[in-house]
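Observations on the model geometry
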Amino acid sequence: MSIALKAENISKYFMAPEKFKVLNQVSFEVSKGEFVSIIGKSGSGKSTLLYILSTMDTEYEGVLSLNGEKVTGNKQNALASFRNEHLGFVFQFHYLLPDFSCLKNVMIPALRLGKLTKDEIEHNAYEKLKMLGVGDQALKSASKISGGQQQRVAIARALINEPSIIMGDEPTGNLDSKNTAVVFDIFKQLAAEHDKTIITVTHDNDFAEKSDRIIEMMDGKIISG
Ligand code: ADP
Ligand code: MG
């Protein structure tokens, strides 16, 4: 089975207010098509780790490889294009542009990537919205749909460039249990049927239990998983 993510001895310090080792020799691998949950108490370093895994933070020790490519040490430009092509993100807050239509919100990352025509991108954006059960909301402003629908639109946006790895920081943190179940099922399907790799930080133990694997953090270290 091929490896989607390999973290080798990732350590990180915060210097302010005082020197503090927030991540301590974190090593793990995630296989392609695996759905992994990262859990642990507040302050254990989950968001800091995910920020490094997503290539957004480059201030760390150790080596990160994604889809077999070592990304540690790459320049910001190279990282930005790597992210555009390989990674999708879903956050606790959807960060949709409220006055733009759902369709336009989903199209934006693909327009930025610039590989397809506007018509092709629009077609693909409709397909993603339909797949997530919100095709009928496509032309509404993002601010005019429910929270659960907004999170589905945000997932459609994360998927528009066909990333192989999807990362989430508390993607269901703002949802009720019904919508949490919807989002869980979407992630499960993306992993099982589309071979996407899902790495998501969650507070929700039920959500974590149902995923393929739980990685538990404490004080900047992996303690199980
Ligand atoms: P989690 O997501 O598990 O709740 P975080 O990764 O957000 O934890 O934070 C881990 C620790 O690092 C916490 O003690 C937090 O206060 C600290 N921390 C987070 N960001 C910064 C920062 N920019 N500067 C200094 N300390 C930080
Ligand atoms: Mg966090």
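Relevant structure appears above.
Let me sum up the structure you'll find in this document.

**Section: the sheet that holds strand S1 (residues 3-14)**
Strand order in this open sheet of 4 strands is S2-S1-S4-S5, and the pairing throughout is antiparallel. Two strands lie at the open edges of the sheet, namely strand S2 (20-31) and strand S5 (69-70), each paired on one side alone.

**Structural notes on the layout of surface pockets**
Here the largest pocket defines a volume of roughly 680 Å³. If you go around the largest pocket, you meet 28 residues; those closest to its centre are Phe89, Phe91, Pro109, Arg112 and Arg157. Sorting the residues of the lining of the largest pocket by element identifies helix H1 (46-53), helix H2 (76-86), strand S6 (87-91), helix H3 (102-113), helix H5 (147-159) and strand S7 (165-169) as the ones contributing at least two each. Broken down by element, the lining of the largest pocket gets its largest block of residues, 5 residues, from S6. Of the residues belonging to the lining of the largest pocket, the class tally is 16 nonpolar, 8 polar and 4 charged. In this structure, the second largest pocket spans a volume of roughly 160 Å³. Tallying contributions element by element places strand S9 (residues 213-218) first for the lining of the second largest pocket, with 3 residues. When grouped by side-chain class, the residues that make up the lining of the second largest pocket number 4 nonpolar, 7 polar and 3 charged.

**A word on the packing of aromatic side chains**
To describe a pair of aromatic rings, you give the distance between the ring centres and the angle between the ring planes. Per the stated rule, a full pass over the model turns up 6 aromatic pairs. Centre to centre, the rings of Phe89 and Phe91 are 6.2 Å apart; their planes meet at 15°, and the pair counts as stacked. Residue classification places Phe89 among the partly exposed positions, given a relative accessible area of 21%. Between Phe184 and Phe207, the ring centres sit 5.1 Å apart and the planes meet at 85°, which makes this aromatic pair edge-to-face. Placement of Phe184 in helix H6 (residues 177-194) and of Phe207 in helix H7 (residues 205-210) is noted, with a sequence separation of 23 residues between them. Of the two residues examined, Phe184 and Phe207, each falls in the buried class. Pairwise contacts between aromatic rings join Phe35, Phe184, Phe187 and Phe207 into one cluster. Note that Lys19 overlies the ring of Tyr13, its terminal NZ or CZ placed 4.6 Å from the centroid. Taking the ring centre of Phe184 as reference, the NZ or CZ of Lys210 above it sits at 4.4 Å.

Rules used in this analysis
Residues numbered from 1 in each chain as written. Chains lettered and ligands numbered in written order. Predicted model: local features only at pLDDT ≥ 70, side-chain atom pairs only at ≥ 80, totals over all residues. Heavy atoms only, no water. Pairing = 2+ DSSP bridges. Helix = DSSP H or I, 4+ residues; strand = E, 2+ residues; numbered from the N terminus. 1 Å grid on protein atoms, 1.4 Å probe; cavity = no way out; pocket = protein on both sides within 12 Å on 5 of 7 lines; lining within 4 Å. Points joined across faces, edges and corners; volume = space filled by probe spheres on them. Nonpolar A, V, L, I, M, F, W, Y, C, P; charged D, E, K, R; others polar. Phe/Tyr/Trp six-rings, centres within 6.5 Å; stacked < 30°, edge-to-face > 60°. Buried < 20%, exposed > 50% of the residue type's maximum accessible area, 1.4 Å probe, protein only. Lys NZ or Arg CZ within 6 Å of the ring centre and 35° of its normal.

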